[in-house]
Amino acid sequence: MCKDCGCSLTDHDHHHHDHGDHHDHDHGDHDHHSHSHHAAHETLHHNPQLNDTKTIAVIKKILDKNDQEAHHNREHFNEHGVLAINLMSSPGSGKTALLETMVGLAPFKFGVIEGDLETSRDADRLIAKGISAVQIQTGSACHLDAFMVHKGLHDLAIADLDVCFIENVGNLVCPASYDVGSHLNIVLVSIPEGEDKIAKYPVMFRSADLILITKTDLLPYFQYDIEREKAEARKIKPNVDILEVNINDEASVKRVIEWIEFKRKMRA
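Residue indices begin from 1 for each chain and proceed along its sequence in written order. Restriction of local features to residues with pLDDT of at least 70 applies here, the model being predicted, together with a cutoff of 80 or more for giving and counting side-chain atom pairs; totals for whole chains, interfaces and linings are based on all residues. Excluding hydrogens and water, the side-chain values take into account all heavy atoms of the structure.

*Asks:* Mind showing me how you'd approach unusual backbone geometry here?
*Replies:* Excluding glycine, most residues fall at negative phi; most peptide bonds, likewise, are trans. Look at T119: it is not a glycine, yet its phi comes out positive at around 70°. Strands here mean DSSP runs of E at least two residues long; helices mean DSSP runs of H or I at least four residues long; both are numbered from the N terminus. Note that T119 resides in the loop between β2 (110-116) and α4 (121-128). Here's how the labels work: a residue is buried when its accessible area is under 20% of the maximum for its type, exposed when over 50%, partly exposed in between, all with a 1.4 Å probe on protein chains only. By relative accessible area, T119 is classed as partly exposed at 35%.

And the structure:
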């Protein structure tokens, strides 16, 4: 597990950010900066392992440097007119499958920075579909951070893209606390995960611009009140957009693409 975000902090001096060129820029504040800090502060105040002053100082320093690098990443995206979207979810909710299904349907060209602890299996799947993809192997880290994404940007020809997806490590906790330089956050939750995920992991769903309820073709086989889950999500974030998705239903995938295309044109 990650040694930086507080989920199992045991070594106060350990961090995993040596993944590429580091830049010390004074970039100022951004909405994602405040969202990630809010999530991080919840971790700091509620985790009994993090109550000593030294630990809090180390974590704040890490988060501040991460936010500076995230702003730098956004500058890269903005320079090339690329919309960056952070995809977050539990493992197996369908992030990679959704991206595979979007090929040939999307009017925009997209690439992917792919995050997993080990293997390049997801990136290999995407490349096999003709998608430009770069694999980031995080080792023991349970999320991508801005430095890892920065390294991925140097290996991805973003000048040729309209949209860059950052497919985060499967985890409903830590990715919400780290701004990676995206413009938007999409959080997926699948029917087989059960009805309690949105209520149990509010920090993640509060960070979402769009929630995708996936694998809806499995609704007949699970006890899942989808309207109640939508209501739960809107208790946490009243203005969040929510779409139902089944990758075997092309129309549902097209609705996701239309949402992304609308957001992309809004930024043009």
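Now that the structure is up, let's keep going.
*Asks:* Can you walk me through the sheet that holds strand β3 (residues 132-137) in this structure?
*Replies:* Hydrogen bonding along the main chain pairs the strands of a sheet, whether they run parallel or antiparallel. When DSSP finds two or more bridges between a pair of strands, those strands are recorded as paired. Judged by pairing direction, the sheet is parallel, and its seven strands sit side by side in the order β3-β2-β4-β1-β5-β6-β7 without closing on themselves. For this open sheet the edge positions go to β3 and β7 (241-245), each flanked by a neighbour on one side alone. Looking at each pair of strands side by side, their axes are set apart by 20° on average, direction ignored. Where β2 and strand β4 (residues 163-167) come together, five bridges link them in parallel fashion. For V112, the partnering residue across the bridge sits in β4 and is F165. Against the sheet, helix α8 (residues 226-236) makes contact with β6 (210-214) and β7, and its axis sits at roughly 155° relative to β7, the strand it touches most. To get an axis, a line is fitted to the C-alpha atoms, and for a helix only the part in contact is used. The angle between two axes follows their N-to-C directions and goes from 0 to 180 degrees. Whether two residues touch is decided by their heavy atoms; if any such pair falls within 4.5 Å, the residues are in contact.

*Asks:* I would appreciate a short explanation of the packing of helix α3 (residues 95-102) against α4 in the present structure.
*Replies:* Helix packing geometry: the angle between the two helix axes and the distance between the axes. Running from N to C, α3 and α4 point in directions that differ by 10°, and their axes come no closer than 10 Å. By the criterion of interaxial angle, the relationship of α3 to α4 is roughly parallel. The segment α3 lies against α4, with T96, A97, L99 and E100 engaging D122, R125 and L126. Polarity classes work like this: nonpolar for Ala, Val, Leu, Ile, Met, Phe, Trp, Tyr, Cys and Pro, charged for Asp, Glu, Lys and Arg, and polar for all others, with Gly in that last group. Across the contact of α3 with α4, the residue classes tally to three nonpolar, one polar and three charged. The cut-offs work like this: below 35 degrees is roughly parallel, past 145 is roughly antiparallel, 65 to 115 is roughly perpendicular, and the gaps in between are oblique.

*Asks:* Just checking my understanding: could you explain the nonpolar core for this structure?
*Replies:* Taken as a class, soluble globular proteins show a tendency for nonpolar side chains to be buried jointly. Judged by nonpolar contacts, the single largest core of 28 residues is most densely connected at M102, F110, F165 and I260. For this core, the element with the highest residue contribution is helix α9 (residues 250-267), accounting for five residues. Discounting chain neighbours no more than four positions away, the residues touching M102 are F108, F110, F165, V253, I257 and I260. Nonpolar cores are built from buried Ala, Val, Leu, Ile, Met, Phe, Trp, Tyr and Cys residues. Side-chain atoms within 4.5 Å join them into one set. In terms of nonpolar packing, the next biggest core, distinct from the first, is built from 18 residues, M88, L172, A208 and I213 among them.

*Asks:* I'm lost on the state of the cysteines in this one. Help?
*Replies:* Between two cysteines, a covalent bond joining their sulfur atoms is known as a disulfide. We call a pair of cysteine sulfur atoms a disulfide whenever their separation is within 2.5 Å. Under the criterion given, the structure shown has zero disulfides. In this model C142 remains outside any disulfide bridge; the closest cysteine sulfur is found in C174, 3.1 Å from its own.

*Asks:* Mind showing me how you'd approach the packing of aromatic side chains here?
*Replies:* How two aromatic rings sit relative to each other is set out by the distance from centre to centre and by the angle between their planes. Put simply, two rings from Phe, Tyr or Trp (the six-membered ring, in Trp's case) pair if the centres are within 6.5 Å, and we call them stacked under 30 degrees between planes, edge-to-face over 60, tilted for the rest. Throughout the structure, instances matching the rule amount to two aromatic pairs. Of the aromatic side chains, those joined through ring pairs into one cluster are F108, F110 and F165.

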